[in-house]
Structure formats: C-alpha cells, structure tokens
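# Fold and contact review
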Amino acid sequence: MAVVQSISRRAFTLIELLVVIAIIALLIGLLLPALGSARSQARMTACLARVHQQGIVLSSYITDNNDAPPARRIDWNRQQESGDYRLSYWLTDRLLADYAGRPFPEPEFGYPSPRDEWRCVEVALEDDVDQRLSHGGITHFAPNGWLFPAAWLDEELGTLRIESAMLPGWDKRWPLNHWRTLAGVTQPESLLALTDNVRFYDPAHSHFDAREYVGYSVEVVRGPNPLGYDNTGSHDRVGRRPTLFLDGHAAGLDSGAGEWLGAKTNYRSPWGGSADLYAGEVRRLMWFVSPSHAGGGDD
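Residues numbered from 1 in each chain as written. Predicted model: local features only at pLDDT ≥ 70, side-chain atom pairs only at ≥ 80, totals over all residues. Heavy atoms only, no water.

What follows concerns the overall build of the chain. When its secondary structure is counted, the chain shows 5 helices and 15 strands. Here the chain, with 299 residues, has 42% of them falling under the buried criterion. Restricting the contact set of the chain to residue pairs at least 6 apart, pairs at least 24 apart contribute 61%. Summing over all exposed atoms, the chain offers an accessible surface of approximately 16,100 Å²; the carbon and sulfur share of this is 55%. (Helix = DSSP H or I, 4+ residues; strand = E, 2+ residues; numbered from the N terminus. Buried < 20%, exposed > 50% of the residue type's maximum accessible area, 1.4 Å probe, protein only. Contact = heavy atoms within 4.5 Å. Areas by Shrake-Rupley, 256 points an atom, 1.4 Å probe, with all protein chains shown as cover.)

Below, the structure written as structure tokens:
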C-alpha cells in the first residue's frame with residue numbers, strides 16, 4: 001500500500017512582509033546617518049592632508065622671504081609677455097601656487113580656480129565660482145588677516161604700497177604700513193594661518209560672498225552670529241574647519257560658538273587704546289594681544 005505524504009508549503013503573509021520591510025527601512029534609517037558621518041570624516045581627513053601640503057609650501061616661502069608671510073591679496077599691475085601691463089588680483093593661494101611652480105591655469109574670463117592641494121575636496125570644481133568667490137578671486141582657504149598683509153604693486157609706475165591690519169593702540173607698536181614678519185610671534189601652535197574660507201550672507205550688501213581673510217570670531221564661527229553673518233563652510237556636518245596652524249600642523253578646528261563666542265573681555269594695549277574681544281579670536285588670530293592685556297569684561 002502506497003503512503004502519500006502531504007507537503008505543506010507556508011508562504012509569508014502580507015503583514016509579515018510589511019513587518020520585514022519596516023524593519024529593513026528602520027535599519028537603513030539608523031545606518032545612513034552613520035555612513036554619512038563616516039564619509040564626512042573621511043573627506044575631512046583628505047582635506048587636512050591637502051592643508052598640510054599647503055603648510056609645507058608656506059613654510060618654504062616664509063624661509064625664503066626673511067621670515068615674512070605672503071600677502072593675503074596683491075592688486076598687481078603686472079607686465080605681460082607682450083610688454084603691456086594688466087591689473088590682476090592675487091590671493092594667497094595663487095601666490096603660493098605660483099611660488100611652488102604649479103600656477104593655476106589662467107581662464108579666458110574670470111579668476112583662476114585653485115587646483116591640487118589648494119582646493120578643498122569637499123567642493124566640486126564646478127561649484128568654485130558660486131561657493132568660493134570673493135571680490136579678489138577664488139580661494140578655498142582664507143589666511144589670518146592679522147599676519148598676512150595686503151599690497152598694491154604697480155610695475156609700470158614702480159610703486160608698492162603695503163597695508164597691514166592692526167587694532168588701534170597696538171598699531172603704535174606694529175605700524176600699518178609695515179610688512180609683517182614672524183619675529184616676535186609666540187604660540188604658533190595655537191595661531192591660525194589658513195582656514196576654510198566660509199561663505200556668508202552679508203546683510204549690509206544683501207548678497208553672499210566668500211572671505212579672502214579672517215580676523216574676528218564672527219568671520220569664522222558656524223551659523224548665524226552677532227553681526228548677522230550666516231557662515232557656512234565645507235565641513236559643517238562635522239562641525240570643523242580644516243585649518244593650518246602657524247607651526248605647520250593641520251587639524252579640524254571646532255567651528256562652534258563654544259570655541260569662538262561667549263563673553264567679551266576688554267583688552268588694553270600697553271601703548272594706549274583698548275578693544276573688546278572674544279577669547280577665541282585672541283587665542284587663534286590676534287598674535288599681538290596677550291592675556292596679560294585683559295582688563296575688565298562684559299557680556
């Protein structure tokens with residue numbers, strides 16, 4: 001007598017399928033932010049490698065120029081191969097790239113765009129003009145405006161004019177028409193040399209711009225700040241600004257209010273005059289202001 005075996009085939013019900021799909025969607029939702037954060041951290045690491053390469057070029061330039069850093073901007077009336085003179089604008093990155101023998105390609109119109117180590121890997125080349133354009137050119141890394149002077153060089157007239165930034169009072173010790181050098185600069189491991197040049201909305205001019213240089217906390221800190229600038233940088237997702245410090249090391253500097261804002265303190269110059277400053281801008285930018293200059297404070 002033959003024995004007939006019945007084979008039971010049990011399929012998933014619609015409810016079970018929906019539960020499985022919901023669980024998978026939940027896991028994807030949990031994993032995506034972590035993956036996005038990992039990618040952002042990886043891009044920061046890659047960007048810092050480029051910033052470190054900039055530091056090598058900057059250090060070599062300073063050594064070759066008697067301890068003087070390059071200009072943050074030169075308005076240069078320069079003689080061309082044709083013999084004619086043409087005015088062009090040179091920001092720090094363009095000057096250093098030219099010094100290193102790897103000049104930025106000259107476009108037919110507009111400003112040269114940074115390449116290689118001078119371009120932040122987070123910003124696509126096609127976005128350079130929109131995201132990194134200042135009044136003097138395209139740059140991805142803004143220099144410390146208290147260290148890097150501005151200059152106007154006219155080869156046709158044979159003239160050079162220099163302007164260095166300085167707070168009132170301290171300018172009696174460090175005049176505005178002197179090219180800065182690193183002599184006397186202390187704590188280079190804390191001082192910012194170059195950092196991510198944020199894009200910001202300028203309420204006074206009602207348009208977006210990018211910074212050629214930085215000097216105050218409100219020009220660096222992430223997001224809205226007391227002056228109305230809404231700063232955005234390449235690595236806001238991880239809350240950092242890829243930064244080259246004056247001693248040559250590169251690191252992701254915290255871009256939050258805790259680093260840059262808070263209570264202000266009145267700092268008094270030994271040569272007369274005073275200024276209300278944030279501790280972050282004194283520590284990271286203003287090499288000439290000493291903690292010993294702190295007097296009273298206010299909120």
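The rest of the description comes next.
What the 4 strands build is an open sheet, ordered S3-S6-S11-S12; its pairing is antiparallel. Two strands in the sheet have a free side with no partner beyond their single neighbour: strand S3 (141-143) and strand S12 (250-254). Adjacent strand axes in the sheet meet at a mean angle of 35°, parallel and antiparallel pairs treated alike. Where strand S6 (residues 192-196) and strand S11 (residues 240-245) come together, 3 bridges link them in antiparallel fashion. The partner of Thr 195 across the bridge, within S11, is Thr 243. (Pairing = 2+ DSSP bridges. Axes fitted to C-alpha atoms, helices over the stretch in contact; angles between N-to-C directions.)

A few words now on a nonpolar patch on the surface. Taken together, the side chains of Ile 15, Val 19 and Ile 23 make up a nonpolar region of the molecular surface, amounting to roughly 290 Å² of accessible area. For Ile 23, the position within the fold is in helix H1 (residues 14-64). (Patch = residues over 30% accessible without salt bridge, like charges linked within 9 Å, V, L, I, M, F, W, Y side chains within 5 Å. Salt bridge = Lys/Arg side-chain N within 4 Å of Asp/Glu carboxyl O.)

Right, let's get into the pairing of S11. For S11, the buried fraction is high: 5 of the 6 residues fall into the buried class. Here 5 bridges tie S11 to S12, and the two strands are oriented antiparallel to one another. Looking across to S12, one finds that Arg 240 is bridged to Asp 254. Where S11 folds back onto S12 in an antiparallel hairpin, the turn is made up of 4 residues, including Gly 248, whose phi is positive at roughly 105°.

It is worth spelling out the nonpolar core at this point. Grouped burial of nonpolar side chains is what soluble globular proteins tend to show. Counting 43 residues, the largest nonpolar core has Leu 167, Trp 170, Leu 277, Met 286, Trp 287, Phe 288 and Val 289 as the members making the most contacts within it. At 6 residues, H1 tops the list of elements feeding residues into this core. When neighbours within four sequence positions are excluded, Met 286 is seen to be in contact with Trp 146, Leu 167, Leu 191, Gly 215, Tyr 216, Leu 277 and Glu 281. One finds Ala 71, Trp 76, Leu 95 and Ala 151 within the second-largest nonpolar core, a separate group that totals 6 residues. (Core = buried A, V, L, I, M, F, W, Y, C linked by side-chain atoms within 4.5 Å.)

For Asn 66, which is not a glycine, the phi torsion comes out positive at approximately 55°. Take Asn 66: it is sitting in the loop between H1 and strand S1 (73-79). Assessed through its relative accessible area of 70%, Asn 66 is described here as exposed. Look at Asp 67: it is not a glycine, yet its phi comes out positive at around 75°. Mapped onto the secondary structure, Asp 67 falls in the loop between H1 and S1.

Here S1 runs beside strand S4 (residues 150-154); their pairing, made up of 5 bridges, is parallel. Bridge pairing in S4 links Trp 76 to Leu 153. As paired elements, S4 and strand S5 (residues 159-163) share 5 bridges and run antiparallel to each other. Bridge pairing in S5 links Ala 150 to Glu 163. Here S4 folds back onto S5, and the loop between the two strands holds 4 residues, one of which, Gly 158, carries a positive phi near 70°.

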